[in-house]
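Geometric and topological summary
The chain contents come next:
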Amino acid sequence: MSDNLPIRKIIHVDMDAFYASVEQMDHPELKGKPIAVGGGGTRGVVSAASYEARKFGVRSALSGAQARRNCPELIFVKPRFDRYHEISKQIRKIFHEYTDLVEPLSLDEAYLDVTENKKGNPSASMLAKEIRERIFKEVGLTASAGISINKFVAKVASDYNKPNGQKTVNPEEVVPFLEALDIRKFYGVGKVTAEKMYQLGIFTGKDLKSKTLEYLDSNFGKSGRFYYYIVRGIHTSEVKPQRTRKSLAAERTFSENLSSEIFMLEKLDHIAKEVSKRLIKSKVSGKTVTLKIKYSDFTLQTRSKTLPYFISDKDIILETAKNLLYQEKLNNSVRLLGISMSNLNTEKKATSKVPKNQEVSVQLQFDF
């Protein structure tokens, strides 16, 4: 057994149906009712759904039309991202009263490393409970949490007792917990990968753990090594307070399909302006411009160009996007256009890799 793995106490806090819960909090008449944040029209998409709506199969990324078919009583609410950012800042302020090692994943979830914390409390489970209680008292929303020895297990655990609950996976419970887990519950295993695993006879963590590193490498490529280690409770990624932004984008879905490039230029102008605005606000610039095109049949196409210099200027972004648009003939009428900037000047080369041969160590003797 190796004693080189770091000893950590990690909390993953995940707000419950965040956007929808904010709307129900700000509009009491919506409490207890099935609501969806997003567009309810024929072209609209659900951004978030309340738990009342989820009972009818309404979920994020579902079309507004399908959501209404699933739940005829569904109430659509327009998103208010400024409000969600405001609430998110309040929640993060609470996090930072416990530790400076806070890694936000989005507006509604974050990792906290409380191995050494500002409260001097050795119990990560008690800290998670206190944080959730404070969020409810001071903000008015419920949150769920997962607590364990690493980020992967903590994130999986936070979904275990949702909503408004928490799950602690103690060190000695990590491997049995992962072995009993349905493979679909593994963070990082998507629908396509899960189907492939089913075909290979992998249905649970125990099935996955029975496979050799060579087998997983040959069947899942680079991801095979990741699966091999996580099912053994090994995940060495640290909680990083300053996450490096890798890309920045903006996109628009149109009320009517566009069939002419000429009509798309005006849309691209607005999108390029928004991307430039976000780059300048974030004080970053990028070299690679990517044009995203979603056709009326929902097929997706991307076209990219890498410039020899970093840019954030709207006119250069727009000109590059135009060239990409005219690069080849469109396959169909277009329902969505997007522009993203990547290869940003904030990126750094990764310096750490998962150890090739390392097993669970004293982490599994650590009191939570």
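Up top is the structure.
I will try to describe carefully the structure that is included in this document. In this text, all values refer to a predicted model and were calculated from it rather than measured experimentally.

Some details on the nonpolar core
Ile-11, Phe-18, Ile-91, Phe-95, Leu-112 and Ile-135 are the most contacted members of the largest nonpolar core, which totals 34 residues. For this core, the secondary structure elements donating two or more residues are strand 1 (10–15), helix 1 (18–26), strand 2 (35–38), helix 4 (81–95), strand 6 (109–113), helix 5 (124–138) and strand 7 (143–148). Of all hydrophobic cores here, the second largest spans 28 residues; its members include Ala-250, Leu-258, Leu-307 and Ile-311.

Looking at the layout of surface pockets
By volume, the second largest pocket is sized at about 260 Å³. Forming the boundary of the second largest pocket are 14 residues, of which Ser-21, Gln-24, Gly-140, Leu-141 and Thr-142 lie nearest the centre. Only helix 1 and helix 2 (51–54) provide two or more residues apiece to the lining of the second largest pocket. Sort the elements by how many residues they give to the lining of the second largest pocket and helix 1 lands first, with 3 residues. Here the residues of the lining of the second largest pocket are counted per class, giving 5 nonpolar, 6 polar and 3 charged.

Section: the packing of helix 4 against helix 5
Two numbers describe how helix 4 lies on helix 5: the axes approach to 10 Å, and their chain directions differ by 145°. As for the relative orientation of helix 4 and helix 5, their crossing is right-handed in sense. Counting all contacts with helix 4, which are made through Gln-90, Ile-91, Ile-94 and Phe-95, the residues of helix 5 involved are Ile-131, Arg-134, Ile-135 and Glu-138. Per-class residue counts for the contact of helix 4 with helix 5 are 5 nonpolar, 1 polar and 2 charged.

Details of empty space enclosed by the protein
Where empty space is left becomes clear once a probe the size of a water molecule has been rolled over the atoms. Going through the model one piece at a time under the given rule, you end up with 1 cavity of 30 Å³ or more. There is about 50 Å³ of room inside the largest cavity. As for the largest cavity, its lining consists of Met-15, Ser-88, Ile-91, Arg-92, Phe-95, Pro-104, Ser-106, Leu-107, Asp-108, Glu-109 and Ala-110. The dominant element in the lining of the largest cavity, judged by the number of residues it contributes, is helix 4, at 4 residues.

What to know about the sheet that holds strand 7
Across the sheet, 5 strands lie side by side as 5-6-1-7-8; this open sheet has mixed pairing. Bordering the open sheet on either side are strand 5 (102–106) and strand 8 (166–168), each of which pairs with just one other strand. Each neighbouring strand pair of the sheet contributes to a mean axis angle of 15°, computed without reference to strand direction. Bridge analysis of strand 5 against strand 6 gives 4 bridges, and the strand direction is antiparallel.

Observations concerning the sheet that holds strand 3 (residues 46–49)
Across the sheet, 3 strands lie side by side as 3-2-4; this open sheet has mixed pairing. Of all the strands in the sheet, just strand 3 and strand 4 (75–77) have a single pairing partner and so form its edges. Here the average twist between neighbouring strands, direction ignored, is 30°. Note: strand 2 against strand 4, 3 bridges, orientation parallel. For Val-37, the partnering residue across the bridge sits in strand 4 and is Val-77. Packing against the sheet, helix 1 makes contact with strand 2, strand 3 and strand 4, and its axis sits at approximately 110° to strand 2.

Some points on helix 6 (residues 151–158)
Residues three or four positions apart in an α-helix share a direction because the helix packs 3.6 residues into each turn. In terms of burial, helix 6 is largely enclosed, as 8 of its 8 residues are buried. If you check which residues of helix 6 are buried, you get Lys-151, Phe-152, Val-153, Ala-154, Lys-155, Val-156, Ala-157 and Ser-158. Between the side-chain oxygen of the N-cap and the backbone nitrogen of Phe-152 there are 3.2 Å, and the N-cap of helix 6 in question is Asn-150.

Considerations on unusual backbone geometry
Leave glycine aside and you will find that most residues have negative phi; peptide bonds, for their part, are mostly trans. Backbone torsion omega between Lys-162 and Pro-163 reads -10°, so that peptide bond is classified as cis. With respect to the secondary-structure elements, Pro-163 resides in the loop between helix 6 and strand 8. Of note in the backbone geometry, Ala-61 takes a positive phi value of approximately 80° without being a glycine. Residues other than glycine seldom take positive phi values, yet Lys-283 does so here, at roughly 60°. With respect to the helices and strands, Lys-283 occurs in the loop between helix 12 (261–282) and strand 10 (286–295).

The rules behind these values
- Residues numbered from 1 in each chain as written.
- Predicted model: local features only at pLDDT ≥ 70, side-chain atom pairs only at ≥ 80, totals over all residues.
- Heavy atoms only, no water.
- Core = buried A, V, L, I, M, F, W, Y, C linked by side-chain atoms within 4.5 Å.
- Buried < 20%, exposed > 50% of the residue type's maximum accessible area, 1.4 Å probe, protein only.
- Helix = DSSP H or I, 4+ residues; strand = E, 2+ residues; numbered from the N terminus.
- 1 Å grid on protein atoms, 1.4 Å probe; cavity = no way out; pocket = protein on both sides within 12 Å on 5 of 7 lines; lining within 4 Å.
- Points joined across faces, edges and corners; volume = space filled by probe spheres on them.
- Nonpolar A, V, L, I, M, F, W, Y, C, P; charged D, E, K, R; others polar.
- Axes fitted to C-alpha atoms, helices over the stretch in contact; angles between N-to-C directions.
- Left-handed = near helix turned anticlockwise from the far one by under 90°.
- Contact = heavy atoms within 4.5 Å.
- Pairing = 2+ DSSP bridges.
- Polar contact = N/O pair within 3.5 Å; in protein donor to acceptor, adjacent residues only side chain to side chain.

Honestly, that's just the spatial picture; any functional story needs more than this.
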